[in-house]
Amino acid sequence: MSVNLTANAIPAIISGDVNAKPLVQILEITSVVSNKNSQQQRYRVLLSDAVSSHHAMLAAQLNDLVTTGRIKNGSIVQLLEYICTIFQNRKIIMVLNMESIIPDCEIIGSPKPFVDSELPVQKALHDNTVGSSVNNNNNNYNNNRNILATQNTGSTNVQNFRPTIQPSYKPPPVYKGRGAVMKNEAPARTIPIAALNPYQGRWAIRARVTAKGDLRRYNNARGDGKVFSFDLLDSDGGEIRVTCFNAIVDRFYETIEVGKVYLISKGSLKPAQKNFNHLKNEWEIMLDLNSTVELCPDEDGSIPKQQFSFRPISDIENVESNAILDVIGVVTSVNPSVPILRKNGMETLRRILNLKDNSGRSVELTLWGEFCNREGQKLQEMVDSGVFPILAVKAGKVNEFSGKSLGSISTTQLFINPDFPEAQSLRAWFDQVGKDSASLSISKDITHGGLKNEIRKTVSQIKDEGLGRSDKPDWITIRAAITFMKTDTFCYTACPLMIGDRQCNKKVTRSGDTRWQCDRCNQEFEECDYRYLLQAQIQDHTGLTWVTAFQEAGEEIMGYPAKELYALKYEQEDEERFGEIVKSRLFNHFVFKLKIKEELYGEEQKVKSTVVKADKVNYSAESRYMLDLISKFCRK
């Protein structure tokens, strides 16, 4: 079999001509690791046009061609999309897309390594004119459309194979109205995200913002700083993360909006931090003071709003912990939000819900922070009213603790009842079959209608089981009614000053008629805070116990800010109204989340029960909880 490769293909590519789709041969394939952080496999190939050879890098999306054996040493391939950039005074070919024409073939010709100095038209190219040599090369491309001439060689007979020659990707240049354009002042060429690599000089991408992370502050050996990131998606389906630090945050944070399309240029590419970046791209963009971000019209809608890769819930069982994935399911239960104290001393919210799909499995999804108040609250209201919405989760994090579960991260996005084909199919399944079908949870120890790992106890069990007397506190949940409250010390006056990221909150005393004094901060101020220190007696069917409720829990019980009740009792001296409010809270049933810990008072050890969360009884959720208990007893 005789094969004619595209004549002068290597010199033409090196000279910057990307208007043809040449036929070349692969002489050698070498496996490389792109960077030590991502450990992503890449492949370097040696390309030949039968006379000259040159090394090229394959884009990551072409890895399958190598791993599946569709291309190997000797393969004839047609380059469909490629670019040539300069790196350390050397020309580097980046192959973005290609097609395997003949997987196995003997080496054609005697190719020699091509060097840039052999280009006959460098000066013409430098002057932005094309000389006769380039014209000859273009003619060679046109004259080689019939690339393969076949002969009978034993049993192999390839007849009249003519690969299609089409112009490769070359978007039109975009110029601003800035007068005469000097050399190197033309706008950077707009390229696909998949074509980005650190060997390029000037580039621009046009993409839609699909996610925007929160503004975060950090402190390290270099000092304090701030950072935020956003994710981009272009019309070819390429995705990449963009990160901004410090002064760049001030410049772009308010500019970037999710859903908008931007033209971005003059950034640097760094290896993606895969511990924090789930996108399928080995690079991420770092914007600097020279970077430009311009809002673009989205008239043609060629860039999709979002890109999903949904996985069935059953797949999550076999996914590694900390993996990031997309999932879609029916929300079958939603629990109330609870405050959680982080390791840094800051408090956040947590809300847990359950998803099921037609794979026969269900999974627990934990929402953190503002997700609890936004989408979480809406989902709870829908489920409590008997509506079971479809929820699509973009970028959920897999957790492995007593089974597999999902959790939200800063770049997670939630879509309630989205207009997706997958959502419509899931809705039809749930309405017809799924509502009454059982599903096996891959998240263990789930108590429907309760909190994650919720341990329901009675009042008598606190003493009988010696709760709180170990090194670590016990966290339990009790359903009980408030039977008595101490009203003489229901709140205290607190210091409002900030110590770092936290408020002082120490008790303050009067300093004159109009000012307050904090001994800890050694400062005076005109206004103080009023914080609950509510001591109450709660009772269930097994007994009584005392609990203490601080600020947030106190407001949940009383229904008023501490400042209002303080003013009512001590400034307006309206004891009657104050007494009515207190009485209205007695004998109301709550689901209390308690922290129980033995503490030292003077020389005596006492067990203290602190109210972390106080939710009025949701009888719909309580009914589901009781039914779940009954079903467990029945199974036994």
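Summarised in this report is the structure supplied together with it.

Each value, and the rule that gives it
Residues numbered from 1 in each chain as written. Predicted model: local features only at pLDDT ≥ 70, side-chain atom pairs only at ≥ 80, totals over all residues. Heavy atoms only, no water. Helix = DSSP H or I, 4+ residues; strand = E, 2+ residues; numbered from the N terminus. Buried < 20%, exposed > 50% of the residue type's maximum accessible area, 1.4 Å probe, protein only. Polar contact = N/O pair within 3.5 Å; in protein donor to acceptor, adjacent residues only side chain to side chain. Contact = heavy atoms within 4.5 Å. Salt bridge = Lys/Arg side-chain N within 4 Å of Asp/Glu carboxyl O.

This next bit is on the side chain of Thr 458. Along the chain, the position of Thr 458 falls in the loop between strand E22 (440-441) and helix H9 (459-464). Residue Thr 458 is classed as buried on the basis of its relative accessible area, which comes to 18%. Of note is the side chain of Thr 458, whose polar atom sits 3.2 Å from the side chain of Ser 460. Setting aside residues up to four positions removed in sequence, Thr 458 forms contacts with Ile 478, Asp 540, His 541 and Thr 542.

The next subject is the environment of Lys 613. Its place among the elements puts Lys 613 in strand E34 (residues 604-616). Linking Lys 613 and Thr 477, residues 136 residues apart in sequence, is a C-alpha distance of 9.3 Å. In contact with Lys 613, not counting residues within four places along its chain, are Ser 337, Val 338, Pro 339, Glu 556, Val 591, Phe 592 and Lys 593.

Turning to the pattern of salt bridges, a few remarks are in order. Close approach of charged atoms lets side chains of opposite charge pair. Enumeration over the complete set of coordinates arrives at 17 salt bridges. Arg 241 is the partner of Asp 231 in a salt bridge, and the nearest nitrogen-oxygen pair spans 2.7 Å. Note that Asp 231 is positioned in strand E9 (residues 223-233) and Arg 241 in strand E10 (residues 239-245), a separation of ten residues in sequence. Like Asp 231, the residue Arg 241 is buried in the burial classification. The salt bridge involving Glu 375 is made with Arg 374; its shortest N-O contact spans 3.5 Å. We classify Glu 375 as buried; its relative accessible area is 17%. For Arg 374, a relative accessible area of 46% corresponds to the partly exposed category.

Function cannot be read off these values alone, since they describe shape.
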